[in-house]
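Descriptive structure summary
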Amino acid sequence: MIADRRYIHQNAELSNLEFKTCAYVKEQLDQIGIQADAMAGTGLQGMIWGKNPKGKTIMLRADMDALPIKETTGLPFASQNEGAMHACGHDAHTAALLGAARILYEMRDQLNGNVKLCFQPGEEGGGGAERMIKDGIMENPSVDYAVATHMDARFVVGQAAIKPGVISSYPNAFLFKIRGKGGHGARPHMSLDPIAPAVMIYSFLEGLRKRIPPEESCIIQVCKFQAGSSFNITPDTAELAGTTRTVSLKTKEFVQAKMEEIASLVVALYGVECEVTFSGKTAPAPVVNTLEYVAPAKRSAAKVFTEGYGSYESVTGAEDFSAYGRYVPTTLIRVGCKGDDPSTHFMVHNSNFTIDERAVVNAAAAMASIAVDYLSGDFILDKMEEQ
C-alpha cells in the first residue's frame, strides 16, 4: 500500500487527467484478479462478487486527482509533474482502496454480497462523482451503501472521526470580472481604473459576512485578486475569485444574491462593466453521514482505530462524495494521518502536506472491516447514536 501511495504521489495528475494513475490502478486490480471497467474518462469500477451475488452491494470509493499546487515537501517521491501535487491525500485514498480490494478479494468466498470499488476522477472541482453516476456506478448491481475515507491531520494516526449528520458544506465558487479602460499610469483621468472597484468589492465582501447570523456557518473568502502587469499601466481588467461555504441552501442563495447586488453597485458608482458568475465546482451539496449508520461503522472499525474516535465542529469543507448520498446511505470517515514527525502536521491544500503512512493501512482496514460486517449482517443499525 505504501508503494502504491508513493507511486501515485510521485505521478500526481490534475482532475480528469488521471491517465497514468488510472492505468496504474487497473494494472494492480488485474494482478489481484479483479475486473476493472473504465468510467467517467479516467475512472474505474471494480467488482468483487461474493458467495451470494444477489445479496447487498457496498461501494467503497476513493478519489484519484491531485491539486494545482507546486509541491515543497522535499520528499524523495515528491511529484514529478510541475504544478500538480497530492495535497489532499487522494494518493493515500487510492492506495487504501487498493489495499482493501486485496483484503476483500481474498475473503470473497466469505462475503454474503458484493463489493463495488469506485476509483473516481475529478473530485477537486472536476465533477467526477456526477460523471461516475451518469456512467452507471450505482447500478448493475445496485449499490445499497457507500463508504469513503479522507485523510485528516487534525487527528493522530490510530484515531478517526465519523461525525453524524451534515459534515461538509454547500460550496460556491465566485468570479468577479471588472472591465475598465486601460491607459498610461501618469494620466489616470484618461483611463477607467478597474482596480478601485475591485478593492471596493473586496471590502463589501468582508462586510457581507456581518449580514450572516452567527449560528449560520458561512465562509466568504477571496482567494485570487489579479490586475495589471506593470507599474505605469492602468489595466483594462481586474478579477476577484474565491469561494463561499454555507451549510444551508438559504444562506448560499442569500450570499449569491448580495454578490449580484454588489456587482450592480460598482457599475453604478464607477462606470465600469462588472459581472459575477458562480459555479458549485467541488460538490453539489453537503456530505451527510447517515445517522443510523454511524454507530455500526464505528463498531466495525473500532479495532482499527486504537486511539479511538475524535470529534470536530468545522463543516466548511466540500466533498463530491455527497453526490452518491442522493441515492444511498453514506459514511465518510476522517482518518487521522498526523504522526510524530512535524512534517505530517500540515493541513490539506498546503504545499507541504504529507502523511504518516500508517494512516493508509488504517483506512484500508477500516473499509474492509465495514464491508465484511455490512455484508455479513453484523452491521446493526442504531438510530439513537449521537443524534
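This report concerns the structure included in the present document. By convention here, each chain's residues receive numbers from 1 onward along its written sequence. Note on the predicted model: pLDDT of at least 70 is required for a residue's local features to be given, and 80 or more for side-chain atom pairs to be given and counted; whole-chain, interface and lining totals, by contrast, use all residues. Where side-chain values are given, they derive from all heavy atoms of the structure, hydrogens and water being excluded.

Before going further, it helps to examine the sheet that holds strand E15 (residues 308-309). Read across the open sheet, the 8 strands follow the order E1-E2-E4-E3-E5-E16-E6-E15; overall the sheet is mixed. The sheet is open, and its two borders are formed by strand E1 (36-39) and E15, each paired with just one other strand. Across the sheet, helix H3 (residues 90-106) lies against strand E2 (43-49), strand E3 (56-63), strand E4 (113-120) and strand E5 (145-156), angled at about 150° from E3, the strand it touches most. Note on definitions: a residue-residue contact is assigned when non-hydrogen atoms from the two residues lie within 4.5 Å. Between N-to-C directions, angles cover 0 to 180 degrees, with each direction set by a line fitted to C-alpha atoms, over the stretch in contact for helices. Secondary structure counts use DSSP, requiring at least four H or I residues in a row for a helix and at least two E residues in a row for a strand, with both numbered from the N terminus. Against the sheet, helix H8 (residues 358-376) touches E3, E4, E5 and strand E16 (330-338), its axis set at about 150° to E5. Should DSSP find at least two bridges between two strands, the strands are regarded as paired.

Salt bridge, as applied in this entry: a Lys or Arg side-chain nitrogen positioned within 4 Å of an Asp or Glu carboxyl oxygen. Considering all chains together, one arrives at 17 salt bridges under this definition. Bridged by salt links that share partners, the residues Arg5, Arg6, Asp91 and Glu357 form one connected network.

On the surface, Ile195, Val199, Tyr202 and Phe225 cluster together to form a nonpolar patch covering roughly 310 Å² of accessible area. When residues of the nonpolar patch are assigned to their parent elements, the largest contribution, 3 residues, is made by helix H5 (residues 195-208). Structurally, Ile195 is set in helix H5. Surface patches are drawn from residues lacking salt bridges whose relative accessible area is over 30%; two like charges belong together within 9 Å, two nonpolar side chains (Val, Leu, Ile, Met, Phe, Trp, Tyr) within 5 Å. Per-residue accessibility takes into account occlusion by the displayed protein chains alone, with areas from the Shrake-Rupley method and a 1.4 Å probe.

A few words now on the nonpolar core. As a rule of thumb, soluble globular proteins bury nonpolar side chains together. Take the buried Ala, Val, Leu, Ile, Met, Phe, Trp, Tyr and Cys residues and link them wherever side-chain atoms come within 4.5 Å; each set so joined is a nonpolar core. Note on exposure labels: buried denotes an accessible area under 20% of the residue type's maximum, exposed denotes more than 50%, and partly exposed covers the range between, all computed with a 1.4 Å probe on protein chains only. Grouped together as the largest cluster of nonpolar side chains are 61 residues, with contacts concentrated most on Leu29, Ile58 and Val115. Ranked by residues supplied to this core, first place goes to H8 with 11 residues. Ignoring any residue separated from it by four or fewer positions in sequence, one finds Leu29 in contact with Ile34, Ala36, Leu98, Ala101, Leu117 and Phe119. Counting 22 residues, the second largest nonpolar core, distinct from the first, contains Ala40, Ile167, Phe321 and Ala323.

The 4 strands are arranged E10-E12-E8-E13 in an open sheet whose pairing can be described as antiparallel. This sheet does not close on itself; its edge strands, each paired only once, are strand E10 (218-227) and strand E13 (273-279). Going from strand to strand, the sheet's axes swing by 15° on average, the running direction of each strand aside. In this structure, E10 lies alongside strand E12 (residues 237-246), joined through 9 bridges in antiparallel fashion. When the bridges of E12 are listed, Cys218 appears paired with Thr246. Strand contacts of H5: strand E8 (170-179), E10, E12 and E13, with the helix running at about 170° to E10, the strand carrying the most contacts.

Right, let's get into the packing of helix H7 (residues 291-301) against H8. Across the interface, H7 lies against H8 with an axial gap of 8 Å and an inter-helix angle of 115°. You can see that H7 and H8 cross each other, and the crossing is right-handed. Contact with H7, carried on its side by Tyr293, Ala297, Ser300 and Ala301, involves Ala366, Ser369, Ile370, Asp373 and Tyr374 of H8 and no other residues of that element. Here the contact of H7 with H8 is built from residues that sort into 6 nonpolar, 2 polar and 1 charged. Crossings are classed by handedness, with left-handed meaning an anticlockwise turn of the near helix from the far one by less than a right angle and right-handed meaning a clockwise turn. Note on residue classes: Ala, Val, Leu, Ile, Met, Phe, Trp, Tyr, Cys and Pro are nonpolar, Asp, Glu, Lys and Arg are charged, and everything else, Gly too, is polar.

With that settled, the discussion passes to helix H1 (residues 2-10). Residues Asp4, Arg5, Ile8 and His9 constitute the buried set of H1. Seen from one end, H1 has its buried residues packed into an arc of 130°, which puts them on one side. Working note: the arc is built from the helix axis to C-beta atom directions.

The next subject is the packing of H1 against H3. Where H1 contacts H3, the two axes come as close as 8 Å, and the packing angle between them is 145°. The two elements H1 and H3 cross, and the hand of that crossing is right-handed. Across from Asp4, Arg5, Ile8 and His9 in H1, the residues of H3 making contact are Asp91, Ala92, Thr94, Ala95, Leu98 and Arg102. Its residues assigned to classes, the contact of H1 with H3 comprises 4 nonpolar, 2 polar and 4 charged.

The next thing to look at is the side chain of Asp373. Position of Asp373 among the secondary structure elements: in helix H8. Positive charges are assigned to Lys and Arg, negative charges to Asp and Glu, while His and the chain termini are left out of the count. No salt bridge forms around the buried Asp373; measuring N to O, its nearest opposite-charge neighbour Arg299 is 7.8 Å away. Between N or O atoms, a polar contact is any pair within 3.5 Å; within protein, one atom must be a potential hydrogen donor and the other a potential acceptor, and residues adjacent in sequence are included only when both atoms are from side chains. Within the local environment of Asp373, its side chain forms a polar contact with the side chain of Ser300, the two groups lying 2.8 Å apart. Ignoring anything within four residues of it in the chain, the contact list for Asp373 reads Ser300, Asp378 and Phe379.

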